[in-house]
Amino acid sequence: MAKRRDERTRESRRLLVAAAAELFAEKGYRRTSFIDIADQAGISRGSISWHFGNKLGLLEAVLDDQLHAVLTGLPPSDVAGDALNQVMDFIRLPATRLFITLLAEAVETGSPIREHHARLHAALRQGVQARIPAQAAPPGTTPEALTVLLVGTVIGVHAQWRVAPEAVDLEAVQATIRALLPPGLGLA
C-alpha cells in the first residue's frame, strides 16, 4: 500500500513539474498561477503546496529538473566531440525556451527568480568552461571571461532565434562562430 502511494506521489510531482515547465516557458513565472499548473497537470492545486511549499519551490524543482535534463544530455567534458555542435544543439532543445522566458523576469531588480537564474547561468558557465582547455584562451583573456562571452553569445543567439526563427540561420551562425574562434579552444 505504501509503495503504491509513493508511486502516486512521485507521479503527481512529475506531472506538476512538467506542467509548470511548459507553462513557465509559455507564459512566464509571474503570469502562471497555481490554478493554471493544476489544470494542466490534472492534479489539485493543493498538491503544489504539499510537494513544493510554494510557487518558488516549484520553480526550483522545474529548473533543477530542466538543468539536469540538459546537462545529462551533453556528453561529459572528457568525451571527444565537437563542443560547438553540442552548444548549438542545446539552443534547439525545447527546455531552453524556458530559460529564455525566465531570463526576462530574472533581470528585473527584486525578481523572485533572479537567484535561481543566476545559479542556472553558473552551471552553464561551469559546463562550458570544463570543455575549454586552460591554455587555449587567446592571449590577454582568461578562461573565465571567455566562458562568460561564449555563454552570453549562445543566450543571445538563442533569444534571437526564438523571437524570429525565420531571420536567424543557426547553421550560418555556427559557421561564423567556428570561423571566429581560435584553434585549440576545444569548441571548434
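Treat the numbers as computed from the prediction; the structure is a model and nothing was measured. (Residues numbered from 1 in each chain as written. Predicted model: local features only at pLDDT ≥ 70, side-chain atom pairs only at ≥ 80, totals over all residues. Heavy atoms only, no water.)

## Observations regarding the overall build of the protein chain
From N to C terminus, the protein chain includes 9 helices and 0 strands. Each helix (α) and strand (β) of the protein chain, taken in turn from the N terminus, gives the series α-α-α-α-α-α-α-α-α. Sorting the 188 residues of the protein chain into buried and exposed places 41% on the buried side. For the protein chain, the share of sequence-separated contacts (at least 6 apart) that also reach a separation of at least 24 residues comes to 65%. As displayed, the protein chain offers around 10,600 Å² of accessible surface, 57% of which is attributable to carbon and sulfur atoms. (Helix = DSSP H or I, 4+ residues; strand = E, 2+ residues; numbered from the N terminus. Buried < 20%, exposed > 50% of the residue type's maximum accessible area, 1.4 Å probe, protein only. Contact = heavy atoms within 4.5 Å. Areas by Shrake-Rupley, 256 points an atom, 1.4 Å probe, with all protein chains shown as cover.)

## Digging into the packing of aromatic side chains
Applying the stated criterion across every chain yields a total of 1 aromatic pair. Lying across the ring of Tyr29, Lys55 places its NZ or CZ 4.6 Å from the centre. (Phe/Tyr/Trp six-rings, centres within 6.5 Å; stacked < 30°, edge-to-face > 60°. Lys NZ or Arg CZ within 6 Å of the ring centre and 35° of its normal.)

## Brief notes about empty space enclosed by the protein
Across all of its chains, the model carries 3 cavities of 30 Å³ or more by this definition. Empty space within the second largest cavity amounts to approximately 100 Å³. Forming the boundary of the second largest cavity are Phe90, Thr96, Phe99, Ile100, Leu103, His117, Leu120, His121, Leu124, Val154, Ile155 and His158. Elements with a contribution of two residues or more to the lining of the second largest cavity: helix 6 (95-106), helix 7 (114-129) and helix 8 (143-163). In terms of residue class, the lining of the second largest cavity is made up of 8 nonpolar, 4 polar and no charged. (1 Å grid on protein atoms, 1.4 Å probe; cavity = no way out; pocket = protein on both sides within 12 Å on 5 of 7 lines; lining within 4 Å. Points joined across faces, edges and corners; volume = space filled by probe spheres on them. Nonpolar A, V, L, I, M, F, W, Y, C, P; charged D, E, K, R; others polar.)

## A closer look at the pattern of salt bridges
For the structure on display, the rule yields 5 salt bridges. For Lys27, the salt bridge is made with Asp36, and the minimal N-O distance between the two is 2.7 Å. Linked by salt bridges that have partners in common, Arg30, Glu105 and Glu108 make up one network. (Salt bridge = Lys/Arg side-chain N within 4 Å of Asp/Glu carboxyl O.)

## Some words on the side chain of His117
Tracing the sequence through the fold places His117 in helix 7. Not counting chain neighbours up to four residues away, the residues in contact with His117 comprise Phe99, Leu102, Leu103 and Ala106.

## Comments concerning the confidence of the model for the protein chain
Across the protein chain, the average pLDDT comes to 82, with 88% of residues at 70 or higher. When mean pLDDT is compared element by element in the protein chain, helix 2 (residues 34-41) scores highest at 94, while helix 5 (residues 83-92) scores lowest at 73. (pLDDT = per-residue confidence, 0-100.)

## Some words on the nonpolar core
The biggest cluster of nonpolar side chains holds 48 residues, and the ones touching the most others in it are Phe24, Ile37, Leu58, Val62, Leu98 and Leu102. For this core, the leading source of residues is helix 1 (residues 2-27), giving 8 residues. When neighbours within four sequence positions are excluded, Ile37 is seen to be in contact with Leu16, Ala19, Ala20, Leu23, Phe24, Thr32, Ile48 and Leu58. (Core = buried A, V, L, I, M, F, W, Y, C linked by side-chain atoms within 4.5 Å.)

## Considering the packing of helix 1 against helix 2
Running from amino to carboxyl end, helix 1 crosses helix 2 at an angle of 125°, the nearest separation of the two axes being 8 Å. Here helix 1 lies oblique to helix 2, going by the angle between them. You can see that helix 1 and helix 2 cross each other, and the crossing is right-handed. Residues Leu15, Leu16, Ala19, Ala20, Glu22, Leu23, Phe24 and Lys27 of helix 1 lie in contact with helix 2, whose contacting residues are Asp36, Ile37, Gln40 and Ala41. (Axes fitted to C-alpha atoms, helices over the stretch in contact; angles between N-to-C directions. Parallel < 35°, antiparallel > 145°, perpendicular 65-115°, else oblique. Left-handed = near helix turned anticlockwise from the far one by under 90°.)

## Regarding the packing of helix 6 against helix 8
Angle between the axes and distance between the axes: these two values describe a pair of packed helices. One way to put it is that helix 6 packs onto helix 8 with a least axis distance of 10 Å and a crossing angle of 95°. In terms of orientation, helix 6 lies roughly perpendicular with respect to helix 8. Taking contact as the criterion, the partners of Thr96, Arg97, Ile100 and Leu103 in helix 6 are, on helix 8, Ile155, His158, Ala159 and Arg162. For the contact of helix 6 with helix 8, the class distribution of residues is 4 nonpolar, 2 polar and 2 charged.

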